[in-house]
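# Remarks on the overall topology
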Amino acid sequence: MAAQSNQSKANQSKPDKSKPDKSKSDKMEKIVSLCRRRGFIFQSSEIYGGIGGFWDYGPLGTELKRNIKDAWWQDMVRNPPAGPNGKAFQMVGLDCSIIMNPKVWEASGHVGGFSDPMVDCKACKGRFRADQTADTACPKKPSKMVGEHKECDLTDPREFNLMFKTHIGALEGSSSVAYLRPETAQGIFANFKNVIDSSRVKLPLGIAQIGKSFRNEINPRNFTFRSREFEQYEIEFFCHPSEADEWYTFWRDVRHAWYVGLGLRSDMLVLREHEGKELAHYAKGCADVEYDFPFGMAELEGIANRTDYDLKAHIEKSGKDLSYFDDQRKERFVPYVIEPSGGVDRSLLAFITEAYTVDENRASPEFMKFHPRLAPIKAAIFPLVAKDGMPDIAEPIYNELRKHYACQYDAKQSIGKRYARMDEAGTPFCFTIDGQSKEDGTVTVRNRDDASQDRIDKSRCLEYLRDQLQL
Ligand code: GAP
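Residues numbered from 1 in each chain as written. Predicted model: local features only at pLDDT ≥ 70, side-chain atom pairs only at ≥ 80, totals over all residues. Heavy atoms only, no water.

### Structural notes on helix α3 (residues 59–78)
- Counted at 1.5 Å a residue, the expected span for α3 with its 20 residues is 28 Å, and the 27 Å between its end C-alpha atoms agrees.
- Among the residues making up α3, those that are buried are L60, G61, L64, K65, N67, I68, A71, W72, D75, M76 and V77. (Helix = DSSP H or I, 4+ residues; strand = E, 2+ residues; numbered from the N terminus. Expected span 1.5 Å × (residues − 1). Buried < 20%, exposed > 50% of the residue type's maximum accessible area, 1.4 Å probe, protein only.)

Printed below as a string of structure tokens:
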């Protein structure tokens, strides 16, 4: 990939430019606070004051993230939708190392050009992205934007490479330099021939990977949206050049629909085609899936027709033949690549933002309306009181349900408080065992979204959950 062009594309995404209005920034603050309070997301190394651009996922956030990645893998890799006009294709996965031979990053253009323009302030010693000074707060008081204090003394913009450098082995020298990968894509390109030779797969073929990437962002911001360590889900879809336009449209629409299917309202999402001059020089087409966050419209994923640019760059640098022989067409060619490339953390933040619901009439005015597939906990099981034989009925129900779904058992506090906690966690159903359960063997099921209650036989809990969740 021509990294510089790609990064400038990333820089053009909107979040950093639009000024949030008060109600939206309040909403964002409430979401951040709920995330911390309920264990979705914590600041990394918080006990030492944190570290900018790094985040930890708590117990609920970890389940949510796992559910997002599982849904992506299931829907894109194991059971993807049918191709255009029912065309068949194959999908396989990879799990590549984070540190690769540095020549990979020379070939991809990252060593030479994966950079942002930045300025230093000689007065406050801060370093800022040159294209974001108007939206970035100056550390000096009273609060103003960078460059607005009369003491501000900004240098001319200089390019700053975003790759994290490290050293391999005991000696630190130029020959031991290595990089933390800034994208997962290059591991896929570097393994294209290995996959073809080892896996009896044919084009059209998608190779998918989920994994950590690292970028030394100058101004990480907007909670987890722009982080220095983040996770990507990427597909490099290899096809014959004559079919690339068709596959580009297919993947663009599939990826947009996937977000809608998991609960992002379509009026909060935009599929934005890049204008000619916005396109990276190697790309024939590119569209971003953007979500309307409280801090502005911002990119969740880019879908690009990257042509044969990357494979040709690696052919040239490595001297290895990465062309493909198509035995149907009787033709050898360097495949074109369609790349749907998304950020797991960004989509998680979008799913959290979408799920966040306020209803002052409920015991928990804030609750999380996650799509059932994404909900970190699918069901909670509550004995009304932890005595009178109720736990004896509740525990076997819990032990049965947890074999199939992420469940939680809670016997403490008032039932209202327990419902409220589960609402904040986004748990779709709560089963309560009460006095009547002992008499007639029924339990109540409470629905998170409208707080309505059903009464069902205790033997039907699993069946009920399965029907309602459709999972
Ligand atoms: N292989 C292409 C590529 O990496 P990108 O637009 O630079 O393209 C793809 O990144 C996705 O990775 C973005 O759409 C975004 O979701 C995620 N991403 C990129 N930089 C990020 C950051 N600093 N923090 C969180 N997510 C990021």
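On we go from here.
### Quick word on the packing of aromatic side chains
- Inspection of every chain in the model, using the stated rule, returns 29 aromatic pairs.
- Note on W55 and F223: the rings are 5.0 Å apart at their centroids and 85° apart in plane angle, and the pair reads as edge-to-face. Within this pair, whereas W55 is found in strand β2 (residues 55–57), its partner F223 is found in the loop between β9 (205–214) and β10 (229–239), the two being separated by 168 residues in sequence.
- Of the residues examined, W55 reaches a relative accessible area of 28% and is grouped as partly exposed.
- Taking relative accessible area as the criterion, F223 reaches 11% and is therefore assigned buried.
- Here the aromatic residues W72, W73, Y233, W258, Y259 and F351 are joined through ring pairs into a cluster of three or more.
- Against the face of F225 rests R346, its NZ or CZ located 3.7 Å from the ring centre. (Phe/Tyr/Trp six-rings, centres within 6.5 Å; stacked < 30°, edge-to-face > 60°. Lys NZ or Arg CZ within 6 Å of the ring centre and 35° of its normal.)

### Observations concerning the sheet that holds strand β21 (residues 429–433)
- In space, the 5 strands of this open sheet follow the order β20-β19-β21-β22-β23, with mixed pairing throughout. Of all strands in the sheet, those with a lone pairing partner are β20 (407–409) and β23 (453–457), marking the two edges. Across this sheet, the average inter-strand angle for adjacent strands is 25°, counted without regard to direction.
- Relative to β23, strand β22 (residues 442–447) runs antiparallel, the two sharing 5 bridges. Along β23, the bridge assignment pairs R446 with Q453.
- Here helix α12 (residues 415–425) sits on the sheet and contacts β19 (379–383), β20, β21, β22 and β23; the angle it forms with β19, its principal contact strand, is near 170°. (Pairing = 2+ DSSP bridges. Axes fitted to C-alpha atoms, helices over the stretch in contact; angles between N-to-C directions. Contact = heavy atoms within 4.5 Å.)

### Looking at the site of the ligand
- Around the ligand, 21 residues are found, and the nearest of them are E183, R215, E234, E299 and L300.
- Contact between the ligand and Q232: an oxygen atom at 3.1 Å from a side-chain N or O atom of the residue.
- A distance of 2.5 Å separates a nitrogen atom of the ligand from a polar side-chain atom of E234.
- Contributing elements (two or more residues each) for the shell around the ligand: α1 (3–11), β10, β13 (296–305) and β16 (336–343). (Near = heavy atom within 4 Å. Polar contact = N/O pair within 3.5 Å; in protein donor to acceptor, adjacent residues only side chain to side chain.)

### A closer look at helix α9 (residues 309–318)
- Along α9, the residues classified as buried are D310, L311, A313 and H314. Looking straight down α9, one finds that the buried residues subtend no more than 160° of arc, so they occupy a single side.
- Where α9 is buried, its residues contact α4 (102–108), α6 (185–190), α7 (192–199) and β10.
- Just beyond α9, the residue with positive phi is G319, at close to 75°. (Arc of directions from axis to C-beta.)

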